[in-house]
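Here is how the chains run, residue by residue.
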Amino acid sequence: MNPDGTNPAVVIEARSLSKYYGDQLVVDDFSVAIEQGEIFGLLGPNAAGKTTAIRMLCGIVERDAGAVSINGAAIASARNRIGYVSQRFGQYAELTVWENLRFYAEMYRVTDEALLDDLLDRYALEPFRHQRAGNLSGGYQRRLALLCAVAHDPDVLFLDEPTAGIDPVTRKLLWDEFYALSARGKTLFVTTHYMEEAQRCHQLAFIDRGRIIARGTPLTIKQCLGDVAVYAVKFAFNPSVHKALLANEAVLLVNQFGLELRIVVANHSSRSQLEQVIADETGERLDLVPSELNLEDVFIALTQHRKAD
Amino acid sequence: MMWAIVKKELLQLRRDPRLVALIVVMPLLLLLLFGVALKLEPSNVKMAYLDEDQSIFSNLIKTGIWSDGYFQLYEVSTKQAVIEEIRAGRAKAGMHIPANFSALLAENQQPHVDFYVDGTMPSLATAMKYNSSSATSEGVTNDMYFSAADAPNVVIAEEPFILDTTILFNPDEIETWFFLPGIIGVLVMQIALILTGITIVREREQHTLEQLLVTPMKKTTFVIGKLLPYVFIALVDFYFILGAGWAVFDLPQPSSQLLLFLLAAIYVGAMISLGLLISLISQTQQQAMFIAIFIIIPSILLSGLIFPLEAIPQIVRPISYIIPFTYFVDIIRGLLIKKTLLVDLLLPFAALSCFVILFVTASIMKFRQKL
């Protein structure tokens, strides 16, 4: 709900998208409705169908079923209202930063050089203006890609793993920009497999093997595992303990984090029983400490769960 | 370690079945094609003739030439038309038998018969001259000696008539005049096909195409935008190479600079749009290169550039006519050497233009705004 009581408009709407590659169903009944100003995160493991989904939304991959609308219009007539940054660096390596920006801006009939100058400045690319895009570091290449996608001031931005392979500082800088865009009423669709990035989104959907398996805000989406308890214990990695714990029906996830072992279990199971399992394997009785469920627990538990199906 | 690299290379090749098909099937196809097509001995060479004598003697000459199977004769109505047929390219040779032929023959006055050959292609001219000897063979001339029963012995010339051979258009039979104009076309074809052949595949391989496809550009915008710079570059290149031909090899000037420019523009347009089409049907730069090469080789061998079209068997001839380069060779020789009139070049010009339209349309249709 907007502050003035009206409902914000749905900007990106996808209904029942599906896509086959050969006879493999890579996106299955994919539906989303994303409101103006939202940053929507599509979270999923590799090969879950994230890239295919985002490409269908942008209209560069043919969909086998379903419909997409951007601001109520078909994608073909909304191309100048969207910006897209592909997963892989899609700018021309032989051209300079400025030449790339000029080119992509002109593809959207933007020729105001003063405006482009300002943008270059804002994305801290001014010092690299005459450098070839291919020689930029990964972080600056990402910035250039984003810059090329926003120069025509689109309403909607599609970002396919925008910070993959990027250091945390640059990632924060990019996200500050995403928030700034969102604050200006732009709608952002982001795919990622980084929890840290997913936490930053307003709305999330988990996708696994082509299907959305959970959706909500980063807070509410955790509830989709149901009533669970999380325990942590200082414990060095021991594969046989993992195996023994997973043999237990109630255990949803066993995950090692450095020196810490995290266990997610259905709430009804007893803590002492788990402690016993560990003791049986190691001969050492350890105290399981209750912990907070985090997004990564949910993500791995959900995707693992489905693999066991 | 070396074997690991060898194995890896072979594995990579095997993963590109289209490339494997290209390097296995295409050479085989070309080998079979050239095996059938490449004969050095022409047959059915067109000869225009005018027989103003219409006597049994002139008939003997025509029959003598015809019965060899080398020349295919057809009649025209004026002496000038004989030469014009050759200039227009409809005939490669011509013959004129004057009206007083049998009259002079009867008086043992050694009449002259004019024989013309197209000198554009010196090897063909030589062969035609050689084959024209069937007109003066014994079977023809046996019955051409006259003497009255009561006439005193006179010395009769050894030859009852004289065959005057004139080499038209390239009288000095300069080989470079014959080859060079076509070679310019080969060079331009090479540059055009390889330059444009990789242009879209490269965008695909470097992922810039994906970024382009989301923009609001139209298919036609993209295709024309891709064509224009290369058309310009290849056109400049064409004149650069031709200029060198003029400077170094003293190539003749064209009958019309405007027509030459028109030819350059249309030919370059056809080659660049063909290159673009190659780029659209290829999945990798390697594939594009191979397809380009497999177009260039038959173009050189089957277009009349080296071997006369007359030497290519009828069953293969249609292939010659679907090669754009064939028409280029025809026109540029017409313009530079034979000074052919525009009206006789209309057909090859139209054919070349059709190729441009065909390739551009196919490119626009083939280009999908999807990955």
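Conventions used here
Residues numbered from 1 in each chain as written. Chains lettered and ligands numbered in written order. Predicted model: local features only at pLDDT ≥ 70, side-chain atom pairs only at ≥ 80, totals over all residues. Heavy atoms only, no water. Salt bridge = Lys/Arg side-chain N within 4 Å of Asp/Glu carboxyl O. Buried < 20%, exposed > 50% of the residue type's maximum accessible area, 1.4 Å probe, protein only. Helix = DSSP H or I, 4+ residues; strand = E, 2+ residues; numbered from the N terminus. Pairing = 2+ DSSP bridges. Axes fitted to C-alpha atoms, helices over the stretch in contact; angles between N-to-C directions. Contact = heavy atoms within 4.5 Å. Domains from an automatic or database assignment. Buried area = accessible area lost by both parts, 1.4 Å probe.

### Here we look at the pattern of salt bridges
- Taken as a whole, this structure holds 28 salt bridges over all chains when the rule is applied.
- Two residues, Arg129 of chain A and Glu126 of chain A, come together in a salt bridge whose shortest N-O distance is 3.2 Å.
- When its relative accessible area of 15% is taken as the criterion, Arg129 of chain A is described as buried.
- Across the pair Asp344 of chain B and Arg90 of chain B runs a salt bridge whose closest N-O atoms are separated by 3.2 Å. In this pair, Asp344 of chain B is assigned in helix 16 (residues 342-366) and Arg90 of chain B in the loop between helix 4 (79-88) and strand 3 (93-97), connecting sequence segments 254 residues apart.
- Look at Asp344 of chain B and you get buried, because its relative accessible area is 17%.
- Where salt bridges share partners, they join Arg102, Glu106 and Glu113 of chain A into one cluster.

### A few points about the sheet that holds strand 12 (residues 251-257) of chain A
Residues and elements named next belong to chain A.
- The strand order 12-13-11-14 describes an open sheet built from four strands, whose pairing is antiparallel. The sheet is open, and its two edges are formed by strand 12 and strand 14 (289-291), each paired on a single side. When strand polarity is set aside, the average angle formed by the axes of neighbouring strands in this sheet is 30°.
- For strand 11 (residues 228-234) and strand 13 (residues 260-266), the ladder comprises seven bridges, and the chain directions are antiparallel. The residue of strand 13 that forms the bridge with Ala229 is Val265.
- Strands in contact with helix 7 (residues 239-246) are strand 12 and strand 13; relative to strand 12, the strand with the most contacts, it is inclined by about 165°.

### Side note on the domain arrangement of chain B
Residues and elements named next belong to chain B.
- When its domains are assigned, chain B resolves into domain 1 (45-168) and domain 2 (174-366).
- Computed over C-alpha atoms, the centres of domain 1 and domain 2 are 41 Å apart.
- Each partner contributes residues to the interface: domain 1 has 13 residues there, and domain 2 has 15 residues.
- In total, domain 1 and domain 2 occlude about 1,100 Å² of area from one another, counting both sides; carbon and sulfur atoms represent 62% of this.
- Considering only the surface of domain 1 that becomes buried against domain 2, Arg87, Thr120 and Met121 emerge as the three largest contributors, covering 51% of it.
- Inspection of the region where domain 1 meets domain 2 yields two salt bridges.
- Where Lys338 meets Asp118, a salt bridge forms, and the shortest distance between an N and an O atom there is 3.3 Å.

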